[in-house]
Amino acid sequence: MSLRERTLTELFQTLTGIEKGDCEYYPCHFEGQDCSFCFCPFYPCLIHETGGMLKDDRVWSCLRCEFIHKKENAEELKSILSSYPFQVLAEGDWRFYNEILQEFLFGDVRGREIGESYTIYRTDDSEECYLVVLDGFEIRRVERGRCGELRGKRGVLLPVR
């Protein structure tokens with residue numbers, strides 16, 4: 001089973017109220033965390049404000065991300081995600097989930113297409129950026145360069161922070 005399949009299986013269990021057993025890794029982020037979403041349905045979100053970061057030019061690290069495990073966030077996200085039919089959630093692509101997360105975090109969808117690129121951040125052409133190329137929900141390749149040089153390429157444009 002792929003990570004995405006495992007994430008969706010857990011998401012559907014969470015939305016239907018199936019209880020999880022004790023976790024041998026608890027607490028993976030902080031004591032008292034809400035474990036409704038062990039596998040984040042937004043991974044890799046590529047949004048710095050969650051505390052996540054690009055690591056080793058191939059992995060989105062959630063080590064410092066706590067937002068999905070805060071009880072109030074988990075409860076609201078369960079409500080939001082349960083408003084969608086399971087078929088829509090199962091077929092949702094990275095952008096579908098990312099825009100749900102943007103709406104939750106920022107109150108609106110900030111993402112926009114710039115040529116072949118997609119970004120939620122305003123960037124200056126001379127600024128250092130990553131171009132993250134996704135295949136489904138997996139990072140396939142990361143390029144680093146000036147935002148202006150990467151804008152025309154297909155992928156997600158992410159400022160280096």
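The structure presented is a predicted model; accordingly, all values stated were derived computationally and were not measured.

> When you look at empty space enclosed by the protein in this model, what are you seeing that I'm missing?
Empty space among the atoms can be located by rolling a probe the size of a water molecule over them. Inspection of every chain in the model, using the stated rule, returns one cavity of 30 Å³ or more. By volume, the largest cavity is sized at about 40 Å³. If you list the elements that add at least two residues to the lining of the largest cavity, you get α4 (94–106), β4 (117–119) and β7 (155–159). Across the lining of the largest cavity, the residue classes tally to nine nonpolar, two polar and no charged.

> It is not clear to me how α4 should be interpreted in this structure. Could you clarify?
Note: α-helices contain 3.6 residues per turn, so residues at a spacing of three or four share the same orientation. Over its 13 residues, α4 runs 18 Å from end to end, which matches the ideal 18 Å to within 8%, given 1.5 Å per residue. Restricting attention to buried positions, one finds in α4 the residues Trp94, Tyr97, Asn98, Ile100, Leu101, Gln102, Phe104 and Phe106. Considering only its buried residues, α4 is in contact with α1 (3–15), α2 (71–82), α3 (86–91), β4, β5 (128–135) and β7.

> In this structure, what is going on with the pattern of salt bridges? I would like to understand it.
If you walk through the whole model with that rule in mind, you get 13 salt bridges. Arg95 is the salt-bridge partner of Glu99, the closest N and O atoms lying 2.9 Å from each other. Here the residue Glu99 and the residue Arg95 both occupy positions in helix α4, the gap between them amounting to four residues, near one helical turn. With relative accessibility at 22%, the residue Glu99 sits in the partly exposed group. In this structure Arg95 comes out as partly exposed when scored by relative accessible area, which is 29%. Across the pair Arg140 and Glu138 runs a salt bridge whose closest N-O atoms are separated by 3.5 Å. A relative accessible area of 39% places Arg140 in the partly exposed class. Connected through salt bridges with shared partners, the residues Lys71, Glu75 and Lys78 form a single ionic network.

> Where do I start with the state of the cysteines in this structure?
Should the sulfur atoms of two cysteines be covalently bonded, the bond is a disulfide. By the definition in use, this model includes one disulfide. Paired by a disulfide, Cys129 and Cys147 hold their sulfur atoms 1.8 Å apart. With the S-S dihedral at roughly 65°, the linkage between Cys129 and Cys147 falls on the right-handed side. Pair noted here: Cys129 is in strand β5 and Cys147 is in helix α5 (residues 147–150), with a separation of 18 residues, a long-range link. Here the two residues Cys129 and Cys147 agree in accessibility, since each one is buried. For the unlinked cysteine Cys62, the closest cysteine sulfur is that of Cys65, found at 5.7 Å.

Rules and cut-offs
- The residue numbers shown here count from 1 along each chain, following its written sequence.
- Side-chain atom pairs in this predicted model are given and counted only at pLDDT of 80 or more, local residue features only at pLDDT of at least 70, and totals for whole chains, interfaces and linings cover all residues.
- Side-chain metrics rest on all non-hydrogen atoms present in the structure, leaving aside hydrogens and water.
- Definitions used for this entry: grid spacing 1 Å over protein atoms alone; cavity, a set of points where a 1.4 Å probe fits but cannot get out; pocket, an open set with protein on both sides within 12 Å along at least 5 of 7 lines; lining residue, one with an atom within 4 Å of a point.
- Grid points are joined across faces, edges and corners, and a volume is the space filled by probe spheres set on the points.
- Segments assigned H or I by DSSP are reported as helices when at least four residues long, segments assigned E as strands when at least two residues long, and all are numbered from the N terminus.
- Lys, Arg, Asp and Glu make up the charged group, whereas Ala, Val, Leu, Ile, Met, Phe, Trp, Tyr, Cys and Pro make up the nonpolar group; the residues left over, Gly among them, are polar.
- A helix is expected to reach a length of 1.5 Å times the quantity of its residues less one.
- Burial here depends on accessible area, computed with a 1.4 Å probe over protein chains only, as a share of the maximum for the residue type. Under 20% is buried, over 50% is exposed, and the range in between is partly exposed.
- Whether two residues touch is decided by their heavy atoms; if any such pair falls within 4.5 Å, the residues are in contact.
- What makes a salt bridge here is a side-chain nitrogen of Lys or Arg within 4 Å of a carboxyl oxygen of Asp or Glu, nothing more.
- Cysteine sulfur atoms that come within 2.5 Å of each other are treated as a disulfide pair.

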